[in-house]
Amino acid sequence: MMQRVDCLRAIYPQLQDCVVVTIMGAVAAELQSLGHRPNFFYLQHAMGLASSTGLGLALCLPKRKVVVFDGDGSVLMNLGGLSTMGRYRPDNLVHVVFDNESLLSVGGFPTATATGTDLEGVARAAGVPRTCTVRTLEEFAAAFLDALAGNQLTSIVAKVEAVGPKAYVTGLALLENRFQFQRYIEGLK
Amino acid sequence: MPVSQANSRAIYDALKKCGVGLVSALPETWLVHLIRMAEEDPAMILVRLAKEEEGVGVSAGAYFAGVKSAMLMQNHGFLASVNGIVSFAQLYRIPLLMLISYRGHFGERDPWQTQGGAATEPVLRSLGIPYGFLDDPAKVEKRIAEAQTLAHARLHPTALLLTRELMWEEPAL
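Reading the values: the criteria
Residues numbered from 1 in each chain as written. Chains lettered and ligands numbered in written order. Predicted model: local features only at pLDDT ≥ 70, side-chain atom pairs only at ≥ 80, totals over all residues. Helix = DSSP H or I, 4+ residues; strand = E, 2+ residues; numbered from the N terminus. Contact = placed C-beta atoms within 7 Å. Nonpolar A, V, L, I, M, F, W, Y, C, P; charged D, E, K, R; others polar. Buried ≥ 20, exposed ≤ 12 C-beta atoms within 10 Å, placed from the backbone. Axes fitted to C-alpha atoms, helices over the stretch in contact; angles between N-to-C directions. Parallel < 35°, antiparallel > 145°, perpendicular 65-115°, else oblique. Left-handed = near helix turned anticlockwise from the far one by under 90°. Core = buried A, V, L, I, M, F, W, Y, C linked by C-beta atoms within 7 Å.

Q: Looking at this structure, how should I read the environment of Leu31(B)?
A: All names here are of chain B. Along the chain, the position of Leu 31 falls in the loop between strand 1 (20-25) and helix 2 (32-40). Note: C-alpha distance between Leu 31 and His 156 (125 residues apart in sequence) is 24 Å. For Leu 31, the residues in contact, after removing those within four places along its chain, are Ala 25, Leu 72 and Ser 101.

This is the structure:
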């Protein structure tokens, strides 16, 4: 089974010019372990709102590609947000859901995707025009590049192993990240 | 419908005047005219939500992108947004301009609104969110501008409670 950090590594170079929002926990720590960039914002709490943040960014920055790295636990906390994304379906938004079927950082308790909830199906039924589920690194990288090159809101559900980094707290202060990210976007204009 | 069209217009014009370019909303009776005005305005990005808490993320995204926003919600929607307000807007110092219809207060006939009405101000106070009232059409423009100014100076949410006095015109008997 593929690991999330390998997925991130496979597409890391393509994130250079994207506006990137991640959820808390393993995704944030692993992306930082590959190398933090000022165009990456890590929402280290408020579970569920990374996708809503990506929606706000995508609607307000129509010329930029916005990438959200979400997770099954977070998406399940804001399923309604998928319907809002599906309603406005910004062409410049790529929504990746790393689905490890567990709430890893609090001890690995299984989420509802472990017992059959299909987040790709939910996204499709909510009106997201392009969706897929991938299980290998090659499939993931291809799906991500396709989504980035295409001009249509895409949700990619990537089934990954429930393993994460040793530590979740990194050296980057939350507010430092927030102001740096804001300055990066200001600099785009 | 006895929701005041004229006072809704005053609120909408005030939002436009202070540069609001995105409005998130979840319909509620007192907000119908405001939402329609946003919908009919080609220069306004209107985001209709499934649940009000999403609006915290949408507004944060807009803020990062340099777009001023306002959130239109009922007080029960504010109560449903508390975690997003605390662990995103307050944790990350994101300004939010929240326009909250103040249901369940004096004059309320719907029993189901009354508990939320009683909880609204205590929750705003306990979160340390500066709030004021929109009750006088003559002061709407100034108060909205002031709430927005404070939100951006402090990098923090501020709230305006839309009162029955302003929003509701009792039909003549």
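Q: For this particular structure, what's the right way to read the interface of chain A and chain B?
A: Bring the parts together and some accessible area is lost; that lost area is often taken as the interface size. On the side of chain B, 26 residues touch chain A, which itself brings 27 residues to the contact. Looking at the side of chain A that touches chain B, the elements that each hand over two or more residues are helix 3 (49-60), helix 5 (79-88) and helix 8 (174-187) of chain A. It is helix 3 of chain A that contributes the most residues to the side of chain A that touches chain B, nine residues altogether. The class makeup of the residues in the side of chain A that touches chain B is 13 nonpolar, 11 polar and three charged.

Q: Would you mind going over helix 2 (residues 26-35) of chain A with me for this structure?
A: Since one α-helical turn is 3.6 residues long, residues separated by three or four positions face the same way. Turning to helix 2 of chain A, its buried residues are Ala26(A), Val27(A), Ala28(A), Ala29(A), Glu30(A) and Leu31(A). Residues of helix 2 of chain A that are buried in the fold lie against helix 1 (4-11), strand 1 (19-22), strand 2 (40-42), strand 3 (66-71) and strand 4 (93-99) of chain A.

Q: Can you walk me through the packing of helix 1 of chain A against helix 7 (residues 137-149) of chain A in this structure?
A: Relative orientation and spacing of two packed helices are given, respectively, by the angle between their axes and the distance between those axes. Residues and elements named next belong to chain A. For the pair helix 1 and helix 7, interaxial distance at closest approach is 10 Å and the crossing angle is 45°. In terms of orientation, helix 1 lies oblique with respect to helix 7. Crossing of helix 1 over helix 7 shows right-handed handedness. When helix 1 is examined against helix 7, the residues Asp 6, Cys 7, Ala 10 and Ile 11 are found in contact with a partner set consisting of Leu 137, Phe 140, Ala 141 and Phe 144. Along the lines of polarity and charge, the residues of the contact of helix 1 with helix 7 split into seven nonpolar, no polar and one charged.

Q: Can you walk me through the nonpolar core in this structure?
A: Nonpolar side chains tend to gather and get buried jointly when the protein is soluble and globular. Counting residues in hydrophobic clusters, the biggest one holds 110 residues, and the most contacted among them are Leu43(A), Val96(A), Ala158(A), Ile100(B) and Leu162(B). Broken down by element, the residue count for this core peaks at seven residues, all from helix 3 of chain A. Among all residues touching Ala158(A), those that are not within four sequence positions of it are Cys7(A), Val96(A), Val97(A), Phe98(A), Asp99(A), Val134(A) and Phe140(A).

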